[in-house]
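# Inside the fold
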There are 2 protein chains.
Amino acid sequence: MKIHDWPTGPYPARVRIALAEKNLQSRVRFVTVDLRRGEHKKPEFLAKNYSGTLPVLELDDGTFLAECTAITEYLDALDGAPTLTGRTPREKGLIHMMSKRAELELLDAISVYFHQATPGLGPDVEIYQNAEWGFHQRDKAVRGMHYFDGILKTQPFVAGEAFSMADITVIGGLIFAGLVKLPVPAECEALQAWYKGMLERPSVRDRVAMSEPTGAPA
Amino acid sequence: MKIHDWPTGPYPARVRIALAEKNLQSRVRFVTVDLRRGEHKKPEFLAKNYSGTLPVLELDDGTFLAECTAITEYLDALDGAPTLTGRTPREKGLIHMMSKRAELELLDAISVYFHQATPGLGPDVEIYQNAEWGFHQRDKAVRGMHYFDGILKTQPFVAGEAFSMADITVIGGLIFAGLVKLPVPAECEALQAWYKGMLERPSVRDRVAMSEPTGAPA
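Small disclaimer: the values here were computed from a predicted structure and weren't measured.

Quick notes on the rules
- Residues numbered from 1 in each chain as written.
- Chains lettered and ligands numbered in written order.
- Predicted model: local features only at pLDDT ≥ 70, side-chain atom pairs only at ≥ 80, totals over all residues.
- Heavy atoms only, no water.
- Salt bridge = Lys/Arg side-chain N within 4 Å of Asp/Glu carboxyl O.
- pLDDT = per-residue confidence, 0-100.
- Least-squares fit on C-alpha atoms with pLDDT ≥ 70 in both.
- Contact = heavy atoms within 4.5 Å.
- Axes fitted to C-alpha atoms, helices over the stretch in contact; angles between N-to-C directions.
- Helix = DSSP H or I, 4+ residues; strand = E, 2+ residues; numbered from the N terminus.
- Parallel < 35°, antiparallel > 145°, perpendicular 65-115°, else oblique.
- Left-handed = near helix turned anticlockwise from the far one by under 90°.
- Core = buried A, V, L, I, M, F, W, Y, C linked by side-chain atoms within 4.5 Å.
- Buried < 20%, exposed > 50% of the residue type's maximum accessible area, 1.4 Å probe, protein only.
- Buried area = accessible area lost by both parts, 1.4 Å probe.
- Polar contact = N/O pair within 3.5 Å; in protein donor to acceptor, adjacent residues only side chain to side chain.
- Nonpolar A, V, L, I, M, F, W, Y, C, P; charged D, E, K, R; others polar.
- Pairing = 2+ DSSP bridges.

Quick look at the pattern of salt bridges now. Here the structure, examined in full by the defined rule, presents 22 salt bridges over all chains. By sharing partners, the salt bridges in this structure join R14(A), E67(A), E103(A) and K100(B) into a single network.

Shown next as structure tokens:
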């Protein structure tokens, strides 16, 4: 399998963490798509992923799978343990809900802020910007941090009692927050403590180290 | 189980179609949340779903599951046949990818247009609007129709050879398009032919009949 991505991107981090948790890294080869040059918006890449986002998993039969949730579902279904997307109907439902919520309320909101209300990837890539919408999404993301703080006051992981895809999505959000210098509020102590715990996982520590601002795509 | 929803809403339609396809309707009771009065944005409902969106599935143990994809995963995992979210890793990946793409490029884009650039649910509910962003999303949705038209020129269903959650998400998009009077372009013949076929499924026909503009939430 091949993964088309940009090594320090927050969305690519989600799949790289999932791969490491599943111990599947040796089965993929990485192909760099240069975000800074806008390669992900050019026809050659859009033929692989209409939405023009990274990462994309290319299967050995030539199928292209985009969207982190879809790629994680694929990887998780390849074998049994550990599971990232749940075993029972209730676990599957909760993990998908919390992962989607982490996109809506945190990660995707920060991405919109980055692309709409900051220089983003530069004028050649950001050909349309709506700064007001971007700032609106930034404020939503800060509220989202408070929401996840409240969740993590009551349970050890984002979707309950076990590490899952939902934790990975929140990690993606906090990686992106670091890149755009949107700090987790000091009062979000449970979110900060959970993140400290996440950074002790090798899968996460390696990703976050790569995504430090010095390695940022912008 | 209970489903908290608004009977004619495009997102509620996704779960109602899934329920009908799985023949699980008899196991749920519907509770109406009055969109027109903004009940979905009030504290009592936000305690059930932080994001303030419909539908929400309430399990018998009191767990609330929001987000259509998560609810569909839950329902699909309750039993084996028919499957809406795939059996093999590749099917799961493709269905999740295409369903997410149908949200990004069609359904969610139309929803943003509705809430940001039209009167939406009225001034008491739409307390923030960014019309420029709304029109930008409307144009994205029209491009999305052309994208799905291209897909349906080459295969019978949105994610391949079988009906799935991804078809349901595109149906939700076309229901919402009808509500906001955003017609499928005449040249999108494959998309129109596919939709005609979808309307022959009882699960879909009943929903679309309910969601005619006369029954629209606005």
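In this section: the confidence of the model for chain A. With 96% of its residues at a pLDDT of 70 or more, chain A shows a mean pLDDT of 94. Taken together, the chains of this predicted complex give a pTM of 0.96 and an interface ipTM of 0.95.

Between the two copies, chain B and chain A, the superposition gives an RMSD of 0.0 Å; the rotation angle is 180° and the shift along the axis is 0.0 Å. Between the two chains, the operation in question is that of a two-fold axis. Minimal C-alpha distance to the rotation axis in chain B is attained by W133(B), lying at 3.6 Å. Interface overlap between copies: 100% of the residues of chain B at the interface are likewise at the interface in chain A, consistent with a symmetric, same-surface contact.

All names here are of chain A. Where helix 4 (residues 89-117) meets helix 6 (residues 165-179), the closest approach of the two axes is 8 Å, and the angle between their N-to-C directions is 15°. In terms of orientation, helix 4 lies roughly parallel with respect to helix 6. For the pair helix 4 and helix 6, the crossing hand works out as left-handed. Across from I95, H96, M98, S99, A102, E103, L106, L107, I110, S111 and F114 in helix 4, the residues of helix 6 making contact are M165, A166, T169, V170, G172, G173, L174, F176 and A177.

Of all hydrophobic cores here, the largest spans 140 residues; its most connected members are W194(A) and W194(B). Residues within four places of W194(A) in sequence aside, it is in contact with L152(A), P156(A), F157(A), V158(A), D167(A), V170(A), I171(A) and L174(A).

Contact with chain B, which involves 37 residues of that partner, is made by 37 residues of chain A. Between chain B and chain A, the buried area comes to about 3,400 Å², and carbon and sulfur atoms account for 61% of it. Ranking the residues of chain B by area buried against chain A places Y50(B), Y128(B) and W133(B) at the top, with a combined share of 19%. Across the pair D61(B) and R90(A) runs a salt bridge whose closest N-O atoms are separated by 3.0 Å. Along the contact surface separating chain B from chain A lie 15 residue pairs in polar contact (both at pLDDT 80 or more). Breaking the side of chain B that touches chain A down by element, the ones donating at least two residues are strand 4 (64-66), helix 3 (68-78), helix 4 (89-117) and helix 5 (131-154) of chain B. The dominant element in the side of chain B that touches chain A, judged by the number of residues it contributes, is helix 4 of chain B, at 13 residues. Broken down by class, the residue content of the side of chain B that touches chain A amounts to 16 nonpolar, 10 polar and 11 charged.

What follows is about the pairing of strand 1 (residues 2-5) of chain B. All names here are of chain B. Where strand 1 and strand 2 (residues 29-32) come together, 4 bridges link them in parallel fashion. Looking across to strand 2, one finds that I3 is bridged to F30. Pairing geometry for strand 1 and strand 3 (residues 56-58), over 3 bridges, is antiparallel. When the sheet's bridge partners are listed, K2 is paired in strand 3 with E58.

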